[in-house]
Amino acid sequence: QVVLVESGGGLVQAGDSLRLSCVASGRTFSRNRMGWWRQAPGKEREFVASISWKTYYADSVKGRFAISRDNIKNTVYLQMNSLKPEDTAVYYCAADPAQSGISSHPESYAYWGQGTQVTVSS
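Cut-off values and rules
- Residues numbered from 1 in each chain as written.
- Predicted model: local features only at pLDDT ≥ 70, side-chain atom pairs only at ≥ 80, totals over all residues.
- Heavy atoms only, no water.
- Pairing = 2+ DSSP bridges.
- Helix = DSSP H or I, 4+ residues; strand = E, 2+ residues; numbered from the N terminus.
- Axes fitted to C-alpha atoms, helices over the stretch in contact; angles between N-to-C directions.
- Phe/Tyr/Trp six-rings, centres within 6.5 Å; stacked < 30°, edge-to-face > 60°.
- Buried < 20%, exposed > 50% of the residue type's maximum accessible area, 1.4 Å probe, protein only.
- Contact = heavy atoms within 4.5 Å.
- Salt bridge = Lys/Arg side-chain N within 4 Å of Asp/Glu carboxyl O.

So, on to the sheet that holds strand E1 (residues 4–7). Pairing in this open sheet of four strands is antiparallel, and the strands run E1-E3-E8-E7 from one edge to the other. Each edge of the sheet is formed by a strand with only one pairing partner; in this case those strands are E1 and strand E7 (65–70). The mean inter-strand angle of the sheet, taken between neighbouring strand axes irrespective of direction, is 15°. Two elements, E1 and strand E3 (residues 18–24), share four bridges in a ladder whose sense is antiparallel. Within E3, the position partnered with Leu 4 by the bridge is Ala 24.

As structure tokens, then:
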């Protein structure tokens, strides 16, 4: 069982930065693939970034966002720079203990947090 709690969302202006945090339970955190996803109203949940032994990013955020992790703190981060209004969404943290699937497929992740709202104004 893995429990994920996100924080760090808020209301910012275009061009600003935010850092999201996700604290995970469990002693096997370092062996989990961790992912960040987002979902805007009326749209499907979309992949943002993942991290295991390497990182992957959606084309829409590559060069602006950076995913990282601290295995001692059981925390994964998403640093978001140069935010755009189209980044507005609820951002979700997810964990994949098995690391057997494809990073950009939601079915690969067994555990999900409750989400944190990110709103970017023009």
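Back to the text.
Within this structure, the stated rule accounts for four aromatic pairs. On the numbers, 5.8 Å between centres and 80° between planes, the contact of Trp 37 with Tyr 109 is edge-to-face. One end of the pair, Trp 37, is in strand E4 (residues 33–39); the other, Tyr 109, is in the loop between strand E9 (89–96) and strand E10 (111–112), with 72 residues separating them in the sequence. For the pair Trp 37 and Tyr 109, a shared accessibility class is recorded, and that class is buried. For the ring pair Tyr 109 and Trp 112, a centre distance of 5.9 Å and an interplane angle of 65° mean the geometry is edge-to-face. For Tyr 109, a relative accessible area of 5% gives the class buried.

Here Ser 7 lies in strand E1. The exposure class of Ser 7 is partly exposed, given its relative accessible area of 39%. Sequence separation between Ser 7 and Ile 51 is 44 residues; the distance between their C-alpha atoms is 18 Å. Those residues within four positions of Ser 7 in sequence are excluded, and the remaining contacts are Arg 19, Leu 20, Ser 21 and Thr 116.

Side-chain pairs of opposite charge can arise whenever the charged atoms involved come near each other. On inspection of all chains with the given rule, the structure shows four salt bridges. Close ionic contact of Arg 33 with Asp 96 constitutes a salt bridge, the shortest N to O distance being 2.5 Å. Residue Arg 33 is located in strand E4, and its partner Asp 96 is located in strand E9; the two are separated by 63 residues in the primary sequence. Residue Arg 33 is classed as buried on the basis of its relative accessible area of 9%. Residue classification places Asp 96 among the buried positions, given a relative accessible area of 2%.

Below, the discussion takes up unusual backbone geometry. Even without a glycine there, the phi angle at Asn 74 is positive, about 55°. Mapped onto the secondary structure, Asn 74 falls in the loop between E7 and strand E8 (75–80). Positive phi, normally seen in glycine, also occurs at Ser 82, with a value near 50°. Within the secondary structure, Ser 82 sits in the loop between E8 and E9.

On to the side chain of Ser 21, then. Positionally, Ser 21 belongs in strand E3. Excluding residues that lie within four positions of it along the chain, Ser 21 makes contacts with Val 5, Glu 6, Ser 7, Trp 36, Thr 75, Val 76 and Tyr 77.

All we've got here are geometric facts, nothing functional implied.
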